[in-house]
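One letter stands for each residue in the lines below.
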Amino acid sequence: VCSHWWWVLLPASTAEFVGYNIITRRYQIYFVSLWTVWRHIRIMAYNTDDDASNDGSDAAADNLWVYVALSFVACVSFWCQSVVTEERFVPALNVISDYYNIPDDIAGATLMAAGASSPELLCTLVSLFITHSSLGLGTIVGSEIFNLLIICAGSVYASKSHEHGKKYIVLDRVMVVREVGFYGLSIGLLYLALSERGSETDGEVEHIYISFWKACLLFGGYALYVVVCSNMELCVKCICFLRRRFGFGGKNEASFKENEEATYQHSEDEVEMSGSVRYRSFEDHELHQLPFIYNISTEPIENWDTAESSDDIYTCNSDMNKHNETENHDNTTGEKKRNILSNTIHKSLKLMKANHLLCSDEYPVEMNDVYELTNNEGFREISCFLWQRSIFYSKAYFGLHAFHLRWFSITPTRISSVPDRHDPKKHIIVYPLFDELHVDENRMIINIVNTVDGKRDFTLMAPSKSIFEAIVHAFKLYMEVNQPLRLQGMTELDDDGGDDAARAKTKQGKRDNDADPHVTLIEFPSNASPLEIALWISLYPLRLVMHHTLPDVRHLDRHGDPTSSIGYAYLSTATCLMWLIVGSYAMVTSLEKLAALLGISDSVMGVTVSAAGTSLPAYIASRMAAERGFGNQAVANVFGSNTFNITVGLGLPWVLYIAVTGESYHDLENEGIAESMLILIGTLLLFIVLMLSTKFVLLKWHADIFVVLYIIYVVFALAKG
């Protein structure tokens, strides 16, 4: 396998480094090589089954390279599905949702949920229609338990809020009740769908029969979930009305009613006007006017609290002392510097003129700390890092790339920013004129209101309180200085500096400018460890094929507006689906063959390895969300994802299978189904009891219990399998 892979790939890669134009030949070589490798692995796997079935010998299982090859394919398929989903599929669906003006709640619960959970859904479809195994059901059940136990625990460990060294997450009651309630409903519908046992048996194993109406009922449960999510404000008002009408609940319920009404109603009396800046808590805002703020409006303010403050980091630098400040700061950011191996590879790529694989020598975060704010008094310019909400993930509740770090430069006449990536000046955003800000002091969030129809707003988050206050003051000064221009009807400033040469250079550079902060798949990692570099090199052939066959809709112009068309988004969606289907097939087939070699059932492989592999991206995204103060959203998304996995990930494939074949689905063996249902119900009841006992606060010792329980569950599943 290795000889076929590298013998075919290395000539193309070497020629590309030298600079020859062999695009057509490269496509042919890479597709042929990938097909050759996959063909060899399939032959190995099926030959192993034949050997085991003929004489029962373990000769094939003793070949270590068979295990390594199958494990490598499974791991690569996990990585491939994660990259395709997060970096291509979800942004394309977001562009489609924006184009058709689909409301955020409906888009988040349908298109975006389908995109985020596509690996589990396609795994079920492949195992149902192609391989006819129970790995799909095992993957769904294992993902439910992994999400509830491990993702919740990881979110607590990464939480931004902590007191006396103990981290915690405060949960919003309305959101938790809704998500937990529908998750419990989905478990009940799943139990109903699996309750019928067939009279025929295959050997000693009884089969489960799933009828069409039960599959439709399971799938319909998610339709009800979408309806409730899209009318959540009305549902809360109805509940509050019933509480007032019948007067039950006492003092606590009355307080609960007042809090929830404040969350979903707008109160003009509590809005403080200060010039053009509106200081308000976003719970009191008209939520439909700020789509992203709606997603975080139920995030408790306590999740932004920290015991240690970084607000004192404020530097006023002049041209004389800036160099010294940077030298002193190198010690604190030394861990971000490139290692010797990374520098060596950078120099080699420069000599080989592989400029498209190179990063700039220094990222902005390598020269400045995230909590640093510089003040150049001579030019009246302040600069700092801010987190900016990505427009390509605005419909999703959160994601790995939902926020991106940008280095802002603010003067009274110009606001611009560059991303924390290679050649940052090539990806600059020059912000339009504006005369209104929406500010949330508690969460340190700033929303720049763009008054031009069809243009986007900009949602920013400050890393510390001192930076937040300085930025708001600078934005107010910017609005005061440029107010005469706004009165003249101008929406943006000429950002060329007024010089003819600069104007010509700017005009030439605008055609090539892409302000998007996301790096390409084939870009060499900047601050990488030796292991990361080795993985990047080993996956480079696949990265190159994905880079040239998966259209990326994440392109912005100089003013931060998306440039991709709806047709390009549809093309990206179609290619993503093809890649996800191929990746799911590779994952399912390799894991099934690996399970056969190890002597365990497909369902056990599904609830352990497959479930963890498909849920790992969600775990990483949840940890990052909790680190930025969105712990409540991370936990709520766990139950929303679990509801989708059960009702759509299982319900939809069963409905399609029965509709196509015209008979009940009966290929599912009754092996450990009762135990799996009891585990799902038990973990849900444990979560409910813990939340009620601590008044909807997740504590660190809760996370410890979750981790221990998951370890016990994995050991139990492997032992039983």
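Our subject is the structure that appears above.
Everything quoted here is computed from the prediction, not taken from an experiment.

Some words on the pattern of salt bridges
A full pass over the atoms with the stated rule returns 9 salt bridges. For the salt bridge of Arg-88 with Asp-552, the shortest nitrogen-to-oxygen distance reads 3.3 Å. In this pair, Arg-88 is assigned in helix H3 (residues 64-99) and Asp-552 in the loop between helix H19 (530-549) and helix H20 (566-598), connecting sequence segments 464 residues apart. Take Arg-88 and Asp-552: they sit in the same class, and that class is buried. Close ionic contact of Glu-179 with Arg-178 constitutes a salt bridge, the shortest N to O distance being 2.6 Å. Given the relative accessible area of 3%, Glu-179 is considered buried. Ionic contacts of the salt-bridge type, sharing partners, join the residues Glu-87, Arg-88, Asp-552 and Arg-554 into one network.

Quick look at the packing of aromatic side chains
Considering all chains together, one arrives at 18 aromatic pairs under this definition. Plain terms: the ring middles of Tyr-99 and Tyr-100 are 4.9 Å apart, the flat faces sit at 85 degrees to each other, and that makes the pair edge-to-face. Pairing Tyr-222 with Tyr-225 gives two aromatic rings, centres 5.3 Å apart and planes at 40 degrees, and the pair type is tilted. Taken together, the residues Tyr-222 and Tyr-225, both in helix H9 (residues 212-230) and 3 residues apart, mark about one turn of the helix. Take Tyr-222 and Tyr-225: they sit in the same class, and that class is buried. Following the ring pairs from residue to residue traces out a cluster consisting of Phe-129, Trp-654, Tyr-657 and Tyr-665. Positioned above the aromatic ring of Phe-403, the side-chain terminus of Arg-389 is 5.8 Å from the ring centre.

Points about the sheet that holds strand S16 (residues 697-699)
Sheet architecture is open: 3 strands sit in the order S1-S2-S16, paired in antiparallel fashion. Since the sheet does not close on itself, it has two edges, and those belong to strand S1 (162-163) and S16, each with one partner. Along the sheet, helix H7 (residues 135-157) makes contact with strand S2 (166-170) and S16, crossing S2 at roughly 120 degrees. The sheet strands contacting helix H25 (residues 700-720) are S2 and S16, and the helix crosses S16 at an angle near 65 degrees.

Considering the nonpolar core
Judged by nonpolar contacts, the single largest core of 59 residues is most densely connected at Ile-471, Phe-475 and Met-546. Residue contributions to this core peak at 10 residues, all from H3. Contact partners of Ile-471, with chain neighbours within four places excluded, come to Ile-382, Cys-384, Leu-386, Ile-410 and Ile-446. Counting 54 residues, the second-largest nonpolar core is a separate cluster that includes Leu-650, Leu-684, Met-691 and Tyr-713.

Focus: the packing of helix H6 (residues 118-129) against helix H23 (residues 651-661)
Contact geometry of H6 with H23 gives a least axis separation of 9 Å together with a crossing angle of 30 degrees. By the criterion of interaxial angle, the relationship of H6 to H23 is roughly parallel. For H6 against H23, the interelement crossing comes out right-handed. Touching Leu-121, Thr-124, Leu-125, Leu-128 and Phe-129 of H6 are Pro-653, Trp-654, Leu-656 and Tyr-657, all from H23. In terms of residue class, the contact of H6 with H23 is made up of 8 nonpolar, 1 polar and no charged.

Topic: helix H10 (residues 232-246)
Residues spaced three or four apart along an α-helix face the same direction, because each turn holds 3.6 residues. The end-to-end C-alpha distance of H10, which contains 15 residues, comes to 21 Å, matching closely the 21 Å that a straight helix rising 1.5 Å per residue would cover. Of the residues making up H10, those classed as buried are Met-232, Val-236, Cys-240 and Arg-243. The buried residues of H10 all sit within an arc of 70 degrees when viewed along its axis, so they share a single face. For H10, the exposed residues lying more than 90 degrees away from the buried face are Leu-234, Arg-245 and Phe-246.

Some thoughts on the side chain of Ser-77
As for its position among the elements, Ser-77 is in helix H3. Classification of Ser-77 as buried rests on a relative accessible area of 4%. Side-chain polar atoms of Ser-77 contact the backbone oxygen of Ala-74, separated by 2.5 Å. Leaving out residues up to four positions away in the same chain, Ser-77 has contacts with Gly-583, Ala-586 and Met-587.

Quick notes on the environment of Tyr-222
With relative accessibility at 6%, the residue Tyr-222 sits in the buried group. Considering only alpha carbons, one finds Tyr-222 and Asn-645, 423 residues apart in sequence, at a separation of 9.8 Å. Among residues more than four places away in sequence, those in contact with Tyr-222 are Ala-109, Ala-113, Thr-643, Phe-644, Thr-647 and Val-648.

Quick look at the pairing of strand S13 (residues 445-448)
Burial of S13 is two-sided: the residues Ile-445 and Asn-447 facing one way and the residues Ile-446 and Ile-448 facing the other way are all buried. Of the strand pairs in this sheet, strand S12 (residues 437-440) and S13 are connected by 4 bridges, and their pairing is antiparallel. If you follow Leu-437 over to S13, its bridge partner there is Ile-448. With antiparallel pairing between neighbouring strands as the criterion, S12 and S13 make up a hairpin whose turn holds 4 residues, including Met-444 at a positive phi of roughly 60 degrees. Where S13 and strand S14 (residues 458-461) come together, 4 bridges link them in antiparallel fashion. The residue of S14 that forms the bridge with Ile-445 is Met-461.

Reading guide: rules and limits
- Residues numbered from 1 in each chain as written.
- Predicted model: local features only at pLDDT ≥ 70, side-chain atom pairs only at ≥ 80, totals over all residues.
- Heavy atoms only, no water.
- Salt bridge = Lys/Arg side-chain N within 4 Å of Asp/Glu carboxyl O.
- Helix = DSSP H or I, 4+ residues; strand = E, 2+ residues; numbered from the N terminus.
- Buried < 20%, exposed > 50% of the residue type's maximum accessible area, 1.4 Å probe, protein only.
- Phe/Tyr/Trp six-rings, centres within 6.5 Å; stacked < 30°, edge-to-face > 60°.
- Lys NZ or Arg CZ within 6 Å of the ring centre and 35° of its normal.
- Pairing = 2+ DSSP bridges.
- Contact = heavy atoms within 4.5 Å.
- Axes fitted to C-alpha atoms, helices over the stretch in contact; angles between N-to-C directions.
- Core = buried A, V, L, I, M, F, W, Y, C linked by side-chain atoms within 4.5 Å.
- Parallel < 35°, antiparallel > 145°, perpendicular 65-115°, else oblique.
- Left-handed = near helix turned anticlockwise from the far one by under 90°.
- Nonpolar A, V, L, I, M, F, W, Y, C, P; charged D, E, K, R; others polar.
- Expected span 1.5 Å × (residues − 1).
- Arc of directions from axis to C-beta.
- Polar contact = N/O pair within 3.5 Å; in protein donor to acceptor, adjacent residues only side chain to side chain.

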